[in-house]
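Chain by chain, the residues:
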Amino acid sequence: MPELFKESFKKYKSKCPPPDFSEVINFGSKSSSQIEGVKNGKIVNPVHLCGLQPVSQWKISEIENNPGMIHVVNPFTDVGHRYWVCRALSSYTQRPESKLSLDGIGDLQEDEDWWELCTRDAFRAKHLQPGLRWATMGYHHNWNTKIYSEEERDAFPGDLAALSQCIANAVGYSDFCAEAAIVNFYHKNSALAGHTDHSERNLEAPLLSFSFGCSAVFLIGGKTLETKPTAMFLHSGDLVIMAGESRLCYHSVPKILPTSENLSEEVPCCSPCKDCCCILDADLFTKCSDNEFWEPFKKYIEKSRINLNVRQVLYPGETKLISET
Ligand code: OGA
Ligand code: MN
């Protein structure tokens, strides 16, 4: 059987000849029902929290060939969008709660703060900024064994857990609990090869994937590499939920595009709503509408892409992994 997944990956990764994007679904461009093979998704429960727009404003789609996968066009408010970018760069990269990829940022000392250095020391930022490829939180993803363990677990950020729970609940997964996340940082020539995510004990819970910054081409196929994947653009703020059958399907990111969409120039100053102010970092939320404060974050996402990949590990009611030994 031809490995159609890999053929698509190569096609979109190619620099020469440049890929033909005519088959890549662009959800924001038209109403879902006008795109072939795409239908409108359903909202089960309302939300308007955590920097999100009210669900009545969400543009939510499902793909006929990829049951269980849900795409939401940027559901964030302008200030909410900024808030999550700021959190990813300046908070979710803080050690020791987060573990960071150290490739190329070997000169970052244990007690140094990656984002603080990137913004303060232009000389070191040259290497440090592109050097960071991922951060892990909660149950830390083990890149070698792909096995989670209680020994490699830290507290999961409360705001991201609340955001994830809120969204999962909106699409009908009422008992979602965020327990592990990978923050992926992609630069101009980065790609993520085809893979499935199956390290979690609970594979019935959905996986939530948030995109910020540069747009990307995302491929989602079937449970084997033989299925031809669907290609779609992921723009800044977009959300992909891999639930049901799609939870264990092959997916990849063959291409990062040079531009970011959905970035607003001016954001009205506001504070988080009453229900959110104890969940979100209220001070940061207020600061992010200030363009001067926002500037270094904006610069970063104009050239790079951030993916927040959030997973549940345990079954509802469980509090830890029982080790085999
Ligand atoms: C992952 C992943 C997809 C993306 O981290 O496992 O599939 O959009 N990320 O970056
Ligand atoms: Mn994945």
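Here's what I pulled together on the structure shown here. This structure is a prediction, so every number in the text was calculated from the model and none was measured. (Residues numbered from 1 in each chain as written. Chains lettered and ligands numbered in written order. Predicted model: local features only at pLDDT ≥ 70, side-chain atom pairs only at ≥ 80, totals over all residues. Heavy atoms only, no water.)

**Some remarks on the site of ligand 1**
And then number 1: Ligand 1 sits among Asn 184, Tyr 186, Leu 192, His 195, Asp 197, Ser 209, His 251, Val 253, Arg 305, Asn 307, Asn 309 and Arg 311.
And then number 2: In the model, an oxygen atom of ligand 1 is placed 2.9 Å from a nitrogen or oxygen of the His 251 side chain.
And then number 3: Measuring from a nitrogen atom of ligand 1, one finds a side-chain N or O atom of Asn 307 at 3.1 Å.
And then number 4: Isolated, ligand 1 exposes 290 Å² of accessible area, and the fraction of that covered by the protein chains is 96%.
And then number 5: Within the shell around ligand 1, the residues separate by chemical class into 3 nonpolar, 6 polar and 3 charged. (Near = heavy atom within 4 Å. Polar contact = N/O pair within 3.5 Å; in protein donor to acceptor, adjacent residues only side chain to side chain. Areas by Shrake-Rupley, 256 points an atom, 1.4 Å probe, with all protein chains shown as cover. Nonpolar A, V, L, I, M, F, W, Y, C, P; charged D, E, K, R; others polar.)

**A closer look at the sheet that holds strand 10 (residues 230-234)**
And then number 1: The strand order across the open sheet built from 4 strands is 7-12-9-10, with neighbouring strands paired in antiparallel fashion. Both edges of this open sheet fall to strand 7 (192-195) and strand 10, since each of them pairs with a single strand only. For this sheet, the mean angle separating the axes of adjacent strands, direction not counted, is 25°.
And then number 2: One ladder, built from 2 bridges, connects strand 7 with strand 12 (residues 251-256); its direction is antiparallel. (Pairing = 2+ DSSP bridges. Helix = DSSP H or I, 4+ residues; strand = E, 2+ residues; numbered from the N terminus. Axes fitted to C-alpha atoms, helices over the stretch in contact; angles between N-to-C directions.)

**Considering helix 2 (residues 78-91)**
Every α-helical turn comprises 3.6 residues, leaving residues that sit three or four positions apart pointing alike.
And then number 1: With 14 residues, helix 2 extends 19 Å between its outermost C-alpha atoms, agreeing within 8% with the 20 Å of an ideal straight helix rising 1.5 Å per residue.
And then number 2: In terms of burial, helix 2 is a largely internal element, 12 of the 14 residues being buried.
And then number 3: Taken together, the buried positions of helix 2 are Val 79, Gly 80, His 81, Arg 82, Tyr 83, Trp 84, Val 85, Cys 86, Arg 87, Ala 88, Leu 89 and Ser 90. (Expected span 1.5 Å × (residues − 1). Buried < 20%, exposed > 50% of the residue type's maximum accessible area, 1.4 Å probe, protein only.)

**Comments concerning the coordination of the manganese ion (ligand 2)**
And then number 1: Every protein donor of the manganese ion (ligand 2) is listed here as His 195 (NE2), Asp 197 (OD) and His 251 (NE2), and their distances to the metal cover 2.0 to 2.2 Å.
And then number 2: Written as a sequence motif, the donor arrangement for the manganese ion (ligand 2) is H-x1-D-x53-H. Highlighted residues: Asp 197 in the loop between strand 7 and strand 8 (207-213) and His 251 in strand 12, separated in sequence by 54 residues. Each member of the pair, Asp 197 together with His 251, is buried. (Donors = N, O, S within 2.8 Å, 3.2 Å for Na, K, Ca; no water.)

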